[in-house]
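Results of the structural survey
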Amino acid sequence: MNDPNTNYGKTAAFSLKAAVQPFVALLGFVLGTCFVLSNSTAFHEIEYEPKLMVRQMLTDDSVVTDKSLNRCVSCDNKKDSCMRDTISQEINYRLYLLRVLSDSALDRALVSNQLSINANDFDDSALVYFHFDTMAIPRNQPILWDYYLSYSLLYNKPVTPYRIQKYEVPKAVNFPTFIDFFTEYPGFILWALLIILQFTILPVLILYAWDLIYKFRCQFQHLCNTRAFWVNLVLSGIVIGIFVITSYVAFFNPNLITNNLFYKKMTPVLLTVGSLSGIIGMVCFTGFILIAGTDIKAKADTTDEEEKEYLVSMYNEMNALFINLLLISSIVLSSIVLTTGVLFTSINSMDFIQKLSGDLGYTPLAYHYVILIAVLSSLLLALFFIPAKLHLLELGKSIRKFDPDGKLTDKSPDLVKILQGLIVAGLPIITGIVHSFIAAFINN
């Protein structure tokens, strides 16, 4: 006969657990929102004002003129002097147009195909080491700008090509509020929401994955050594750390994502989300190690019916644990890939980055990095889930020796299980590829 007090205790524990997860999710949402949006002036962009840049290049005495372009091979002194007068008059006329033309007309007449970033001189370090700095002395790497005069708007005729060059240190333009920034660049709204969503969901998934493993260990205590469990947890963290550090140094160092291209608190946000993702990775991967290290083959030839049912139940629980952990891991890694893809798309929509990409012929934040992150994420997942899956397949063969009809075990064919596992494990790659196609479609 069941003890009412015992049943009541189980019900109370279940109710408490059911209440904790929504509370943790709500707490994560509040903290994430405050963390991401607490500073209303945290968002900014690299200044790109073509009208101002053209005016500076036409009036600044310190700019460099390419004299090799303003002299013909057969020029004599009289012709050279005449050409310089023409250029001087053209510059004065363009300065006048800068004051009277609208922005759209100015872009067509004075900027388009004339003002550009020098692709040969440009180095990614100008973006990698970009600092949001309000100090009087800027610390950012300068960028070389070119301005070409090949057509006289004053005389309405072609002229001998003339080039003006100027080194300009990129500056940050602050937005009064994050609402203004999101209005200018709406793609970052989705990025901010995804970051807040990770603050909300990741702690809940950590608790959920830990609870799954805890219940499995409690149910099959004779198979789960406590000391070995904690050792596996530490080893999982070490493997994840080594994998992430090696991948970063090999493929993403120096890293354009962690700088201050648009957001002052980018590094703290990435460290927080990365830490939460690392913790849930440690928990899930420890579960995979636990599954891979559980051996019940020695008892598979038993004739005791109760023991058979117990072994089948154990196998089914291991299968369920594996599927749940694989799904949690794939969701977390896919969210990382999706967030990174949205971040790249949003940054590439900014005015200065669009100008830079157009002049260089490529974007420094190319989408193949999203695919690379997706492949690395799936590879990290495969390091742990493949041994566990192979072990489960081997155990399944042993279990079916005394359950040939599949009355107690899962009746799905092994091939279907393998395909399902591959699809779930490949979610990060699938997410990255789909996002790259969508981003390419939008940009075109």
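Now for a description of the structure that goes with this document. Note that this is a predicted model, so its numbers are computed, not measured.

Observations concerning the layout of surface pockets
Over the atoms, a rolling probe the size of a water molecule traces out where space has been left empty. If you add up the space inside the largest pocket, you get close to 1,200 Å³. Forming the walls of the largest pocket are 39 residues, and the residues nearest its centre are V244, L270, G274, S277 and I336. At the level of elements, α7 (187-219), α8 (226-251), α9 (266-292), α10 (305-348) and α12 (368-399) are the ones that each hand at least two residues to the lining of the largest pocket. When residues of the lining of the largest pocket are assigned to their parent elements, the largest contribution, 14 residues, is made by α9.

Observations concerning the packing of aromatic side chains
Here the structure, examined in full by the defined rule, presents 25 aromatic pairs. With a centroid separation of 5.2 Å and an interplanar angle of 85°, the aromatic rings of F175 and F181 are classed as edge-to-face. Each member of the pair, F175 as well as F181, is classed as buried. Taking 5.5 Å as the distance between ring centres and 80° as the angle between the ring planes, the aromatic pair formed by F229 and W230 counts as edge-to-face.

Some words on the packing of α8 against α9
Packing of α8 against α9 brings their axes to within 8 Å, and their N-to-C directions diverge by 125°. As judged from the angle between their axes, α8 and α9 are oblique. Remark: the crossing between α8 and α9 carries right-handed chirality. Here F229, N232, L233, S236, G237 and I240 of α8 lie close against α9, whose contacting residues are G278, G281, M282, V283, F285, T286 and I289. Tallied by class, residues from the contact of α8 with α9 come to seven nonpolar, six polar and no charged.

With respect to the pattern of salt bridges
Taken as a whole and judged by the stated rule, the model has five salt bridges. The partner of E90 in a salt bridge is R94, and the shortest N-O contact between them spans 2.7 Å. Residue E90 and its partner R94 are both found in helix α3 (residues 77-100); the two are separated by four residues, about one turn of the helix. Overall, the relative accessible area of 3% leaves E90 in the buried class. For D211, the salt bridge identified is with K215, shortest N-O distance 3.8 Å. Taken as a pair, D211 and K215 lie in helix α7 at a separation of four residues, close to a single helical turn.

Observations regarding a nonpolar patch on the surface
Taken together, V231, V234, L235, I238 and I242 make up a surface patch of nonpolar side chains, about 440 Å² in accessible area. Structurally, V234 is set in helix α8.

Re the nonpolar core
W191, F262, F288 and F352 are the most contacted members of the largest nonpolar core, which has 108 residues in total. The leading source of residues in this core is α10, at 17 residues. Excluding anything up to four places from it in sequence, W191 contacts F43, F262, Y263, M266, T339, V342 and L343.

Cut-offs and rules
- Counting of residues starts from 1 at the beginning of each chain's written sequence and follows it residue by residue.
- Note on the predicted model: pLDDT of at least 70 is required for a residue's local features to be given, and 80 or more for side-chain atom pairs to be given and counted; whole-chain, interface and lining totals, by contrast, use all residues.
- In computing side-chain values, all of the structure's heavy atoms are included and hydrogens and water are not.
- Points on a 1 Å grid, built from protein atoms alone, make a cavity when a 1.4 Å probe fits but cannot get out and make a pocket when they are open with protein on both sides within 12 Å along at least 5 of 7 lines; residues with an atom within 4 Å of a point are the lining residues.
- Grid points are joined across faces, edges and corners, and a volume is the space filled by probe spheres set on the points.
- Helix numbers and strand numbers start at the N terminus; a helix is a DSSP run of H or I with at least 4 residues, a strand a run of E with at least 2.
- Here is the rule: rings of Phe, Tyr and Trp (six-membered ring for Trp) pair when centre to centre is within 6.5 Å. Planes less than 30 degrees apart are stacked, more than 60 are edge-to-face, and the remainder are tilted.
- For the exposure calls, accessible area comes from a 1.4 Å probe over protein chains only, and a residue counts as buried if that area is under 20% of its type's maximum, exposed if over 50%, partly exposed in between.
- Axes, fitted as lines to C-alpha atoms, cover a helix only where it is in contact. Angles between the N-to-C directions of the axes lie from 0 to 180 degrees.
- Note that the term roughly parallel is reserved for angles under 35 degrees, roughly antiparallel for angles over 145, roughly perpendicular for angles of 65 to 115, and oblique for everything else.
- Note: crossing handedness is left-handed where the near helix turns anticlockwise from the far helix by less than a right angle, and right-handed where it turns clockwise.
- Whether two residues are in contact is decided by their heavy atoms: any pair within 4.5 Å suffices.
- Note on residue categories: nonpolar means Ala, Val, Leu, Ile, Met, Phe, Trp, Tyr, Cys or Pro, charged means Asp, Glu, Lys or Arg, and polar means any other residue, Gly included.
- Put simply, a salt bridge is a Lys or Arg side-chain nitrogen that is within 4 Å of an Asp or Glu carboxyl oxygen.
- Surface patches are defined over residues having more than 30% relative accessible area and no salt bridge, joining like charges when they lie within 9 Å and nonpolar side chains (Val, Leu, Ile, Met, Phe, Trp, Tyr) when within 5 Å.
- Surface accessibility in these figures is a Shrake-Rupley result with a 1.4 Å probe; residues are shielded only by whichever protein chains are displayed.
- In these notes, a set of buried Ala, Val, Leu, Ile, Met, Phe, Trp, Tyr and Cys residues joined through side-chain atoms within 4.5 Å is what counts as a nonpolar core.

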